[in-house]
Amino acid sequence: MKLRNLKYTIHAFALLFVAASCSDEFLEVEPKGTALEENYYANEAEAYSGLVAVYDVLGKQSGGFENMVCMMNAGSDDHYAGGGGATDGNGMQSFSDYSISQVTIPGSFWNNFYQGIFRANTLLIKLPNVPMADAQKARFTAETKALRAYYYFELVRLFKNIPLITAPIPTSEVYNVLQAKPEEVYTQIEKDLKEAIPNLPNTITNPTTESGRFTKGAIKALLGKVYLYQGKNALAASELAEVNGTPGGTSPFGYKLLAKYSDLWVISNKFNSEAIIEVSHTNKSNSGWGNWGSGSDEGNSINVMVGPRGYSRPSNSTAPDYAAGWSFNPITVDLYNALKNDPRFSSTVVDMKDLKAQGLADYSPGYKDTGYFIKKFMPTTADVTTGGGDAVLNYKQNVYVMRLADTYLMEAEALGGTGTRAQALLDAVRARVGLPSVPVSINAILAERRLELACEGHRWFDLVRTGRAAAVLASRGFVAGKNEIWPIPLKELENTKLVQNPNY
């Protein structure tokens, strides 16, 4: 996530930081000099730059080739890895067919989140001594703790057995760090989130300058999700009920389901009433191949990755004028069949097979091609930037990390899939797309999650969290007791005291 209207240049893990500057339009890396960490954070502006650097790692959700959405889609039953061939994106391919190993797992899924944690730890040490208003300092501290909690949540649910580091550590001790028990990590996550909530605003009061910053509602939603993943259902339901308010209405934090499902995917409809945590992207950062995936690039990478290769259409065609892509994450026949009679189909799936059969468009099939592509992230040629950098790396569509329909369904699940409120929450999600009520149950809720949140990177986590992954993904090679978590990258193990995850 990049906070609007600010350039920043902090990239250091340890002692070296880069000074920041400002822009009215977008974030852009622009080195202006260096400052030793011991002398940095001398004022509020520098502290804000440090905060933005911590937020920046949220971009892992949808920026760079090794982004969370495309990776998590690849391992689910709703997609294949796709791309140009069996070795195109080896890490993604090995997750998709469950040959994943300590060698093929992309290291960035470990070290990017730890980079965010290290930045947060440093900022938390420095903030008490920064000369700034107490209220601002409390808010910066709350945001930093919440971000640290988020990054630890991603790490613990991906790798389970991870080091817990809550303060900067000397370089000499890096190789002696041990893994913590997952329960200890979750305890720290809960602590950070609960300490953050009181000092965050209920809503963003200045969308022009603050869109994308955490609010009370966003962090209560995240805390509810953290509770749900631990089976603390009563606590999860309590937190999520506050976030959700009356099903179908406007919540105390201002959240409300959009009237039209399709409006969720209008690229200009950023930070709408349904968005709880949203990653911001821009087409104005002039990203290029030299900095793609570095964190200094600010385009949405999902857009180009999931588009059909070689897309074209006759001049008189009524088919959409899609921009060509790289054919990653083709949709499986199973998900296509589940969605084909659902009102959300037209916002979720592009049936290229049908367009080609009608002579309305053509494309070059990629690896594991099914003919079905992700509509939610499909840009048109009008969305292609005409600015600097490489056009395919500068798409501007924002991406939801959490949205209200997601929290509705999580609360209904936390309520055990039974009762009047769980029924109302499920009904509200279905009513938004014109579907009738169905009796609430855990199965009905999980089925609804699959269709409502299709292609957004949630499905694999849902299967693992509910104990259904081994059965659903057996044909893909999933091994129970092993593939519920990822192997720790080999480079993180070398010369350290870390222990590889079981069965890897």
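Residues numbered from 1 in each chain as written. Predicted model: local features only at pLDDT ≥ 70, side-chain atom pairs only at ≥ 80, totals over all residues. Heavy atoms only, no water.

## As for the pattern of salt bridges
Where side chains of opposite charge bring their charged atoms close, a pairing between them can arise. Counted according to the given criterion, the structure contains 33 salt bridges. K191 is the partner of E195 in a salt bridge, and the nearest nitrogen-oxygen pair spans 2.9 Å. Here E195 and its partner K191 are both found in helix α6 (residues 182-196), four residues apart, which amounts to about one turn of the helix. In this structure E195 comes out as partly exposed when scored by relative accessible area, which is 30%. One salt bridge in this structure joins K356 and D362, with 3.3 Å as the shortest N-O distance. (Salt bridge = Lys/Arg side-chain N within 4 Å of Asp/Glu carboxyl O. Helix = DSSP H or I, 4+ residues; strand = E, 2+ residues; numbered from the N terminus. Buried < 20%, exposed > 50% of the residue type's maximum accessible area, 1.4 Å probe, protein only.)

## Remarks on a nonpolar patch on the surface
A contiguous nonpolar surface patch, about 260 Å² in accessible area, is contributed by I169, V174 and Y175. As for its position among the elements, Y175 is in the loop between α5 (134-159) and α6. For Y175, a relative accessible area of 47% translates into the label partly exposed. (Patch = residues over 30% accessible without salt bridge, like charges linked within 9 Å, V, L, I, M, F, W, Y side chains within 5 Å. Areas by Shrake-Rupley, 256 points an atom, 1.4 Å probe, with all protein chains shown as cover.)

## Describing the confidence of the model for the protein
Per-residue pLDDT for the protein has a mean of 92; in total, 93% of the residues score no lower than 70. Looking over the protein, one finds the lowest element-wise mean pLDDT in strand β1 (residues 16-18), namely 31, and the highest in helix α14 (residues 404-414), namely 99. Across residues 4-34, confidence stays below pLDDT 50; counting only partners more than four residues off in sequence or on other chains, it has 92 contacts. (pLDDT = per-residue confidence, 0-100. Contact = heavy atoms within 4.5 Å.)

## Some points on the side chain of S347
Mapping S347 onto the fold places it in helix α12 (residues 345-348). The class of S347 is buried, set by a relative accessible area of 10%. With near-sequence residues (within four places) excluded, S347 lies in contact with Y261, S262, W265, K375 and K376.

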